[in-house]
Amino acid sequence: MAFDAGLDLVEISPNSRPPVTKILDYGRFKYQSQKKAAEARKKQKTVDVKEIKMRPNIDTHDYEVKMRNARRFLEDEDKVKVTMRFRGREMAHQDLGLDVLYKVRDELGDVSKVEFSPKSEGRQMIMILAPLPAKTKKQGGTGQAGARKIEQAKAAQESGDDTEAEGTSEIEAEAETTVEAEAEAKAEA
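The shown structure was predicted, so the numbers you read here are calculated from the model rather than taken from an experiment.

> Run through the overall build of the protein, naming residues and quoting values.
Within the protein, the secondary structure is distributed over 7 helices and 6 strands. Each helix and strand of the protein, placed in order from N terminus to C terminus, yields the pattern α-β-β-α-β-α-β-α-β-β-α-α-α. Within the protein, the fraction of its 189 residues that count as buried is 21%. A total of about 13800 Å² of accessible surface is found on the protein, and carbon and sulfur atoms cover 50% of it.

> Just give me the short version of the environment of glycine 97, but keep the residues and values in it.
One can find glycine 97 in helix α4 (residues 94–107). In sequence terms glycine 97 and phenylalanine 86 are 11 residues apart; their C-alpha atoms lie 8.1 Å from each other. In contact with glycine 97, not counting residues within four places along its chain, are Pro56, Met84 and Phe86.

> Tell me about the packing of aromatic side chains, residues and numbers included.
Enumeration over the complete set of coordinates arrives at 1 aromatic pair. It is lysine 103 that lies over the ring of tyrosine 63; its NZ or CZ is 4.4 Å from the centre.

> A description of a nonpolar patch on the surface should follow, citing residues and the corresponding values.
Together, Met1, Leu7, Leu9 and Ile23 line one region of the surface with nonpolar side chains, adding up to about 430 Å² of accessible area. By secondary structure assignment, the location of isoleucine 23 is in strand β2 (residues 20–24).

> Residues and numbers for the packing of helix α3 (residues 60–75) against α4, please.
Where α3 contacts α4, the two axes come as close as 11 Å, and the packing angle between them is 45°. Comparing their axes, α4 and α3 come out oblique. In this structure, α3 meets α4 at a crossing whose hand is right-handed. From α3, Tyr63, Met67 and Arg71 reach across to α4, where they touch Val100, Lys103, Val104 and Glu107.

> How would you summarise the nonpolar core if you had to cite specific residues and measurements?
In this structure, Met54, Val80, Val82, Met84, Val104, Leu108 and Leu129 are the most contacted members of the largest nonpolar core, which totals 19 residues. At the level of elements, β3 (49–54), α3, β4 (79–85), α4 and β6 (124–131) are the ones that each hand at least two residues to this core. The element contributing the most residues to this core is α3, with 5 residues. Those residues in contact with valine 82, other than ones at most four positions away along the chain, are Ile52, Met54, Leu101, Val104, Met125, Ile126, Met127 and Leu129.

> Could you give an account of the side chain of aspartate 78, with specific residues and numbers?
Mapping aspartate 78 onto the fold places it in the loop between α3 and β4. Classification of aspartate 78 as buried rests on a relative accessible area of 6%. Within the local environment of aspartate 78, its side chain forms a polar contact with the backbone nitrogen of aspartate 48, the two atoms lying 3.5 Å apart. If near-sequence neighbours (up to four positions away) are discounted, aspartate 78 is found in contact with Lys45, Val47, Asp48, Lys50, Phe73 and Pro131.

Cut-off values and rules
- Residues numbered from 1 in each chain as written.
- Predicted model: local features only at pLDDT ≥ 70, side-chain atom pairs only at ≥ 80, totals over all residues.
- Heavy atoms only, no water.
- Helix = DSSP H or I, 4+ residues; strand = E, 2+ residues; numbered from the N terminus.
- Buried < 20%, exposed > 50% of the residue type's maximum accessible area, 1.4 Å probe, protein only.
- Areas by Shrake-Rupley, 256 points an atom, 1.4 Å probe, with all protein chains shown as cover.
- Contact = heavy atoms within 4.5 Å.
- Phe/Tyr/Trp six-rings, centres within 6.5 Å; stacked < 30°, edge-to-face > 60°.
- Lys NZ or Arg CZ within 6 Å of the ring centre and 35° of its normal.
- Patch = residues over 30% accessible without salt bridge, like charges linked within 9 Å, V, L, I, M, F, W, Y side chains within 5 Å.
- Salt bridge = Lys/Arg side-chain N within 4 Å of Asp/Glu carboxyl O.
- Axes fitted to C-alpha atoms, helices over the stretch in contact; angles between N-to-C directions.
- Parallel < 35°, antiparallel > 145°, perpendicular 65-115°, else oblique.
- Left-handed = near helix turned anticlockwise from the far one by under 90°.
- Core = buried A, V, L, I, M, F, W, Y, C linked by side-chain atoms within 4.5 Å.
- Polar contact = N/O pair within 3.5 Å; in protein donor to acceptor, adjacent residues only side chain to side chain.

Now the structure itself:
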């Protein structure tokens, strides 16, 4: 039958009794399976682990820069490995490093969850944070960046700075359209 149709006889399940076969164009079948595999690879997201290294006596500005980077990594859906390094006499005061790691955990709690609690490994302490699923992050409306821009523009408007105040209405309009789009997406789901 396959020969008469000009197609191939393909054995699907050789171990079953009787064996399962199909009559189909094998070249086309291979092509379609390759396309499906390529589409699946395109859709999958590889999760990278970004590392942030700190010391127990980190200064406030350095800490803020590290937190800004960690937040950006988590918003890009990458995991963050926070490493606390101890040198010399700092080994006697590991509780200070643990306090800094807990502060990091609390500060990034809105965009992450602790995947690996702080654990001491020799001269360093490690904690791994994983990003929250996308659904829970988007419930915040316009996002923190949009809210921050609106607050800055309103503050500039109140202080009388006209150059920054002009952009306030544009930012608010953009935020409103974002909120409306999110509401429509929720309604469709």
